[in-house]
Amino acid sequence: MWYSWLANLILCLHAGFVLFVIFGGLLVLRWRWIAWLHLPAATWGATVEFTGWICPLTPLENWLRTQGGEATYSSDFIAQYLLPVLYPEDLTRDLQLLLGAGVVILNAAVYWWLCRMQTRGVSRNQWVQSRGRM
């Protein structure tokens, strides 16, 4: 019972991490200090996608499921849980590279915009206040 519970906890943490990798740059718009957490996470996420590695959380979850007497899965987390929701087809190498590029492009755009605002001397408070007047 505990193994199944822990496997599900790892699954939730893994999903949260993937969402943070993809959208964490947007949190940096509000809280700049999150960049110290997000940049390494996004680098790891993109590296896993570009190299085809399997995140260590996937084998850990599978091991916990095995210990709990449950079935495991042979693919990586994205192929098992995210792609069936987003895409009806199997994960291909080209699609995996596209996902990695999407993470890099989305987050590079957010950080580029932040750097641009910094070099213009626009503080977050000034930007938020200007948005409130619209």
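Residues numbered from 1 in each chain as written. Predicted model: local features only at pLDDT ≥ 70, side-chain atom pairs only at ≥ 80, totals over all residues. Heavy atoms only, no water.

Participant: Mind showing me how you'd approach helix 3 (residues 57-67) here?
Facilitator: Helical geometry: 3.6 residues make up each α-helical turn, so side chains three or four residues apart lie on a common side. For helix 3, the set of buried residues is Thr58, Glu61, Asn62, Leu64 and Arg65. Axial view of helix 3: buried residues confined to an arc of 160°, hence all on one face. Positioned one or two residues after helix 3, Gly69 has a phi angle of 80°, which is positive. (Buried < 20%, exposed > 50% of the residue type's maximum accessible area, 1.4 Å probe, protein only. Helix = DSSP H or I, 4+ residues; strand = E, 2+ residues; numbered from the N terminus. Arc of directions from axis to C-beta.)

Participant: I keep staring at the pattern of salt bridges and nothing clicks. Help me out?
Facilitator: Charged atoms that come close allow side chains of opposite charge to pair. Under the defined criterion, the tally for this structure stands at two salt bridges. For the salt bridge of Glu61 with Arg65, the shortest nitrogen-to-oxygen distance reads 2.9 Å. Taken together, the positions of Glu61 and Arg65, both in helix 3 and four residues apart, correspond to about one turn of that helix. Residues Arg65 and Glu70 are paired through a salt bridge, measuring 2.7 Å at the closest nitrogen-oxygen approach. You can call Arg65 buried: its relative accessible area is 6%. (Salt bridge = Lys/Arg side-chain N within 4 Å of Asp/Glu carboxyl O.)

Participant: How do you make sense of a nonpolar patch on the surface when you look at a structure like this?
Facilitator: Together, Trp2, Trp5, Leu6, Leu9 and Leu13 give the surface a local cluster of nonpolar side chains, amounting to about 560 Å² of exposed area. Within the secondary structure layout, Leu6 lies in helix 1 (residues 2-30). (Patch = residues over 30% accessible without salt bridge, like charges linked within 9 Å, V, L, I, M, F, W, Y side chains within 5 Å. Areas by Shrake-Rupley, 256 points an atom, 1.4 Å probe, with all protein chains shown as cover.)

Participant: So what exactly am I meant to see when it comes to the packing of aromatic side chains here?
Facilitator: Here the distance between the centres and the angle between the planes together describe a pair of aromatic rings. This model, assessed by the stated rule, comprises three aromatic pairs. Here Tyr3 and Trp63 contribute two aromatic rings whose centre-to-centre distance is 5.9 Å and whose plane-to-plane angle is 85°, an arrangement assigned as edge-to-face. Pair noted here: Tyr3 is in helix 1 and Trp63 is in helix 3, with a separation of 60 residues, a long-range link. The partly exposed category is assigned to Trp63, whose relative accessible area is 45%. An angle of 45° between the planes, with centres 6.0 Å apart, marks the rings of Trp44 and Trp53 as tilted. (Phe/Tyr/Trp six-rings, centres within 6.5 Å; stacked < 30°, edge-to-face > 60°.)

Participant: Where do I start with the nonpolar core in this structure?
Facilitator: Listed in full, the 10 residues of the largest apolar core are Phe20, Val21, Val28, Ile34, Ala35, Ala41, Val103, Val110, Tyr111 and Leu114. With four residues, helix 5 (residues 93-120) is the largest single contributor of residues to this core. (Core = buried A, V, L, I, M, F, W, Y, C linked by side-chain atoms within 4.5 Å.)

Participant: Got a minute to help me understand the environment of His14 in this structure?
Facilitator: With respect to the element layout, His14 can be found in helix 1. Separated by 43 residues in the primary sequence, His14 and Leu57 have C-alpha atoms spaced 6.8 Å apart.

Participant: I keep staring at the packing of helix 2 (residues 35-51) against helix 5 and nothing clicks. Help me out?
Facilitator: Helix packing for two helices is described by the angle between their axes and how far apart those axes are. Between helix 2 and helix 5, the least distance of the axes is 8 Å, while the angle of their chain directions is 160°. The orientation of helix 2 relative to helix 5 falls into the category roughly antiparallel. Considering the relative orientation of helix 2 and helix 5, their crossing is left-handed. Of the residues in helix 5, those touching helix 2 at Ala35, His38, Leu39, Ala42, Ala46, Val48, Glu49, Phe50 and Thr51 are Arg93, Gln96, Leu97, Leu99, Gly100, Ala101, Val103, Val104, Asn107 and Tyr111. Grouping the constituent residues of the contact of helix 2 with helix 5 by class yields 12 nonpolar, five polar and two charged. (Axes fitted to C-alpha atoms, helices over the stretch in contact; angles between N-to-C directions. Parallel < 35°, antiparallel > 145°, perpendicular 65-115°, else oblique. Left-handed = near helix turned anticlockwise from the far one by under 90°. Contact = heavy atoms within 4.5 Å. Nonpolar A, V, L, I, M, F, W, Y, C, P; charged D, E, K, R; others polar.)

Participant: Any chance you could explain helix 2 here in plain terms?
Facilitator: Here helix 2 contains 17 residues, and its C-alpha end-to-end distance of 23 Å stays within 8% of the 24 Å for a straight helix at 1.5 Å per residue. If you check which residues of helix 2 are buried, you get Ala35, His38, Ala41, Ala42, Gly45, Ala46, Val48 and Glu49. For helix 2, the arc enclosing every buried residue in end-on projection is 155°, short of the 170-degree limit, so these residues lie on one face. With its phi angle positive at about 80°, Gly52 sits one or two positions after the end of helix 2. (Expected span 1.5 Å × (residues − 1).)

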